[in-house]
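One-letter residues, chain by chain:
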Amino acid sequence: MQIGFSLPQLGPQAHQGAEVARFAREVEFAGADSLWVGDRWLAATEPSVGYAGTAAMPREFGSVLDPFVLLSAAAVVTERVRLGSNVLVAPLYRAVALARSLTSIDVLSGGRLIAGLGIGWSPEEYAAAGVPFASRGARLEETLDALQAIWTRDPVGFSGRFVSLPEHHSELKPVQRPHPPIHLPGFTAAAIARVGRRADGWLPVLRVPGPEGQGARLRQARAVVDAAAEEAGRDPGVIETVVRVNVARGSGAPEIAAAIEQVAEETGFEHFFVDLLYVVDTVDAALETAVHVLDRLR
């Protein structure tokens, strides 16, 4: 089993940003397999769409460290852990700038990047980026096409409905070939079909504590991913699953480890990463919790 953790990025942990490198080094030394970041542009005071079906934004979303900076910092102080995003809201970025940032991180890390990309859910973030919210799915598709072109061709150009690149030189490529693995979330029918059709990995969510039957529902959703892959002429076995473990405040290492063990047994999934955003407020506490989780699962 592979176990990862979120880097200190949001809320009170973000105010201790100088400790991010230490966290990355020490949690790798403790045996972690991966480190992860998310992506929040802003936390609207009166959101038209709240977080996770609510009408509000968590207070933690008001303090956010840049995901590219954090992945770069972790890249230069670690040697082994994979470095992932879950997820970058890809349509908010210009494809050429996104490709440059992700290529840089893959080069800095010696080929350890997992590029987790999604469409997001906040209309206010799209407004801040000057990007129409309604076309986000199609924009993601074209952004993926453009990234893959930039990463595999030189010279390269791209012309789409939403994304266009003039012909240009692109000599610096990622270490991973043909490109870093692209992982996508998938909850709706369209998103799950996209995972099966073109992703290298799937990014589902496990909640701790959570409702009964989460393992069975994850297994059923993975079957839909596999069917979509087969329909697209792909081998489902090449699509990795990395489960994000969203932990509520009040849950400790015993509850986290037990939930992971149960779902791993029920699904056969082998890679989980624990998001400690809502669990603790300090980097030291996050590191202590991470070490306890690793001790219980090893």
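Residues numbered from 1 in each chain as written. Predicted model: local features only at pLDDT ≥ 70, side-chain atom pairs only at ≥ 80, totals over all residues. Heavy atoms only, no water.

**A closer look at the pairing of strand 2 (residues 34-37)**
Part 1 of the reasoning: Where burial is concerned, the two faces of strand 2 agree: the one with Ser34 and Trp36 and the one with Leu35 and Val37 are both buried.
Part 2 of the reasoning: Inspection of the sheet shows strand 1 (residues 2-6) paired to strand 2 by 3 bridges, in the parallel sense. Bridge pairing links Phe5 to Leu35 in strand 2.
Part 3 of the reasoning: Crossover connection from strand 1 via helix 1 (residues 20-29) to parallel strand 2: handedness right-handed.
Part 4 of the reasoning: Inspection of the sheet shows strand 2 paired to strand 3 (residues 82-85) by 4 bridges, in the parallel sense. (Buried < 20%, exposed > 50% of the residue type's maximum accessible area, 1.4 Å probe, protein only. Helix = DSSP H or I, 4+ residues; strand = E, 2+ residues; numbered from the N terminus. Pairing = 2+ DSSP bridges. Right-handed = clockwise from strand over helix to strand, strands pointing away.)

**Overview of the pattern of salt bridges**
Part 1 of the reasoning: With the rule as written, the count across this model stands at 15 salt bridges.
Part 2 of the reasoning: Close ionic contact of Arg244 with Asp275 constitutes a salt bridge, the shortest N to O distance being 2.4 Å. One end of the pair, Arg244, is in strand 11 (residues 240-247); the other, Asp275, is in strand 12 (residues 271-275), with 31 residues separating them in the sequence. Asp275 matches Arg244 in its accessibility class, with the two residues each being buried.
Part 3 of the reasoning: A network of salt bridges, in which partner residues are shared, links Glu141, Asp145, Arg194, Arg197 and Arg198. (Salt bridge = Lys/Arg side-chain N within 4 Å of Asp/Glu carboxyl O.)

**Focus: the pairing of strand 3**
Part 1 of the reasoning: Each parallel crossover has a hand, and the one from strand 2 via helix 2 (residues 67-77) to strand 3 is right-handed.
Part 2 of the reasoning: Bridge count between strand 3 and strand 5 (residues 113-118): 2 bridges; the pairing is parallel. Counted as the bridge partner of Leu83 is Leu113 from strand 5.

**A few points about helix 2**
Part 1 of the reasoning: Looking only at helix 2, the buried set comprises Pro67, Phe68, Leu70, Leu71, Ala74 and Ala75. Looking straight down helix 2, one finds its buried side chains confined to an arc of 160 degrees; they lie on one side. Projecting away from the buried face of helix 2 at angles above 90 degrees are the exposed residues Val69 and Val76.
Part 2 of the reasoning: Looking at the packing, one finds that the buried side of helix 2 touches helix 1, strand 2, strand 3, strand 4 (88-89), helix 3 (95-108) and strand 5.
Part 3 of the reasoning: By the N-cap criterion, in which a side-chain oxygen at the helix start approaches the backbone nitrogen of a residue two or three places on, helix 2 is capped by Asp66, the distance to Phe68 being 2.9 Å. (Arc of directions from axis to C-beta. Contact = heavy atoms within 4.5 Å. Polar contact = N/O pair within 3.5 Å; in protein donor to acceptor, adjacent residues only side chain to side chain.)

**Description of the UniProt feature "domain: Luciferase-like" (unreviewed entry) in the protein chain**
Part 1 of the reasoning: Mapped onto the present numbering, the UniProt feature "domain: Luciferase-like" (unreviewed entry) falls on residues 10-260.
Part 2 of the reasoning: Each end of residues 10-260 is marked by a C-alpha atom, and these two atoms are 23 Å apart; helix forms 38% of the span and strand 17%. (UniProt positions renumbered as here; feature names shortened; annotations may be inferred.)

**Regarding the side chain of Ser122**
Part 1 of the reasoning: Mapping Ser122 onto the fold places it in the loop between strand 5 and helix 4 (123-129).
Part 2 of the reasoning: Beyond its immediate stretch of four places on either side in the chain, Ser122 contacts Met57 and Phe133.

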